[in-house]
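Chain residues, written in single-letter form:
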Amino acid sequence: MSQDNRRVLALAGGVGGAKLALGLSTLLPAEALTVAVNTADDFEHLGLSISPDLDTVMYTLAGLANPETGWGRRDESWNAMEALGQLGGETWFRLGDKDLATHVERTRRLRAGETLSTVTRDLAKRLGITCAIVPMTDNPVRTVVTTDQGDLAFQDWFVRLRCEPAVQRVRFAGADKARAAPALLDMANLRGVIFCPSNPFVSVAPILAIPGVRTALQGTKRPRVAVTPIVGGQAIKGPAAKMLAELGHDVSALGVARYYKGLIDGFVLDQTDSGLKGGIEDFGIKVHVTDTMMRTDEDKRRLAAATLEFVDALARSLQHS
Ligand code: FO1
């Protein structure tokens, strides 16, 4: 499998996407993996440029992620937050001491005129990451969640209000004017595209909203495979199930597959949900059933290997169709 040097393009949000990306990175040569990451969760906070999903992917691939939360760094201390709280500052968004260094350095370099992709490439390299982690765009795109409490900036809704306000609509301010990362448009020399088990509405949708990306993905003859973020009607992490319900979709892997219809050739379904296989196949999507839970590094590697095998099997069947 690792003999194949064609590029795998993985679309990722935060924790779930990062876990599968880690599995893929253990199987593929560095030059054969590009992880394109959602940046619509980014925001300016405490005067700093925060890119939560980029950092989650970066820390995970570097072996530095906090195993309890999935975001932030392991072996973290919280002195700055405690001191900030004592001074009456804002502490609802928890930035650990080591994590703060990332935001301080990113902010300094962005203010000095570097692009987010250049800064990300360099920070990742310094943390020992060899594959490409690319922000979906260098331009500012911000998720706005319309809720029963009005329009909310993404992190206000997600962290400060714990995803509680019911979601009516999601939009990505700035997406229409953003330029996609070249890796998202260049479908040459591609082995396949993997939609990681990230939230379809707030992690993958912003990537698809950048002009040209959806068309490029629709146009490629290479296999496109989504890995389910929903198992047994529940999100593995985060508000995906709540959002499926509130936005009027089936709260199941079938609801996710339907949402991606026309964009994917294959869907990796959890064994718990094998009963949904036929329904997903009715959308013209091939299904591979396996254990999709990624608790250990071995789980991540196994799911990544199964997904790559599925991509290659689809490539063979697409050639014959
Ligand atoms: N998520 C939380 O639920 N609470 C936090 O205090 C929090 C802080 C935080 C700091 C840095 C970072 O990179 C991520 C952080 N996250 C936190 C996670 C993040 O907001 C979300 O997981 C993503 O935006 C959704 O993918």
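One can find the structure itself at the top, above this paragraph.
Residues numbered from 1 in each chain as written. Predicted model: local features only at pLDDT ≥ 70, side-chain atom pairs only at ≥ 80, totals over all residues. Heavy atoms only, no water.

(A) Region of interest: the overall build of the protein. Helices and strands together make up the secondary structure of the protein, namely 13 helices and 14 strands. Principal axes of the C-alpha set define a box for the protein whose edges measure 65 × 45 × 40 Å. For the protein, the share of sequence-separated contacts (at least 6 apart) that also reach a separation of at least 24 residues comes to 69%. Here the protein displays about 13800 Å² of accessible surface, and carbon together with sulfur accounts for 49% of that area. When the 37 positive and 37 negative side-chain charges of the protein are each reduced to one mean point, those points stand 4 Å apart. (Helix = DSSP H or I, 4+ residues; strand = E, 2+ residues; numbered from the N terminus. Contact = heavy atoms within 4.5 Å. Areas by Shrake-Rupley, 256 points an atom, 1.4 Å probe, with all protein chains shown as cover. Lys, Arg positive; Asp, Glu negative; His and termini not counted. Charge placed at Lys NZ, Arg CZ, Asp CG, Glu CD.)

(B) Layout of the sheet that holds strand E6 (residues 142–147). One open sheet holds the 3 strands; their spatial order is E7-E6-E8, and the pairing between them is antiparallel. Two strands in the sheet have a free side with no partner beyond their single neighbour: strand E7 (150–153) and strand E8 (167–173). Across the sheet, the axes of successive neighbouring strands diverge by a mean angle of 25 degrees, strand direction being ignored. Along the sheet, helix H8 (residues 200–208) contacts E6 and E8; its crossing angle with E8, the most-contacted strand, is approximately 30 degrees. (Pairing = 2+ DSSP bridges. Axes fitted to C-alpha atoms, helices over the stretch in contact; angles between N-to-C directions.)

(C) Spotlight on the side chain of Ser-51. Take Ser-51: it is sitting in the loop between strand E4 (48–50) and helix H2 (52–61). Of note is the side chain of Ser-51, whose polar atom sits 2.8 Å from the side chain of Asp-42. Ignoring sequence-local partners within four residues, the contact set of Ser-51 consists of Asp-42, Arg-106 and Leu-116. (Polar contact = N/O pair within 3.5 Å; in protein donor to acceptor, adjacent residues only side chain to side chain.)

(D) Looking closely at the sheet that holds strand E10 (residues 224–227). Here we have 7 strands laid out as an open sheet, ordered E5-E2-E1-E9-E10-E13-E14, and parallel in their pairing. Since the sheet does not close on itself, it has two edges, and those belong to strand E5 (132–135) and strand E14 (286–290), each with one partner. Averaged over all adjacent pairs, the angle separating strand axes in this sheet is 25 degrees, with direction ignored. Where strand E13 (residues 266–270) meets E14, 5 bridges bridge the pair, whose relative direction is parallel. Of the residues in E14, the one forming a bridge with Leu-269 is Val-289.

(E) View of the site of the ligand. For the ligand, the set of nearby residues contains 14 residues, the closest of which are Asp-41, Asp-53, Phe-93, Arg-94 and Gln-155. Interatomic distance of 2.8 Å between a side-chain N/O atom of Asp-53 and an oxygen atom of the ligand. Contacts to the ligand include Arg-94, whose backbone N or O atom sits 2.9 Å from an oxygen atom. For the ligand, the accessible surface in isolation is 540 Å², of which the surrounding protein chains cover 89%. Residue assignment for the shell around the ligand shows that the elements contributing at least two residues are H2 and helix H6 (154–160). Residue classes in the shell around the ligand are distributed as 8 nonpolar, 2 polar and 4 charged. Two domains each donate at least three residues to the shell around the ligand, and these are domain 1 (7–139 + 175–319) and domain 2 (142–173). (Near = heavy atom within 4 Å. Nonpolar A, V, L, I, M, F, W, Y, C, P; charged D, E, K, R; others polar. Domains from an automatic or database assignment.)

(F) Structural view of the pattern of salt bridges. By the definition in use, this model includes 20 salt bridges. Asp-250 is the partner of Arg-258 in a salt bridge, and the nearest nitrogen-oxygen pair spans 3.1 Å. In this structure Arg-258 comes out as partly exposed when scored by relative accessible area, which is 39%. A salt bridge links Asp-299 to Arg-302, with the shortest nitrogen-to-oxygen separation between them at 3.5 Å. Here the residue Asp-299 and the residue Arg-302 both occupy positions in helix H13 (residues 297–320), the gap between them amounting to 3 residues, near one helical turn. Several salt bridges converge on common partners, so that one network encompasses Asp-4, Arg-6, Arg-191 and Asp-312. (Salt bridge = Lys/Arg side-chain N within 4 Å of Asp/Glu carboxyl O. Buried < 20%, exposed > 50% of the residue type's maximum accessible area, 1.4 Å probe, protein only.)

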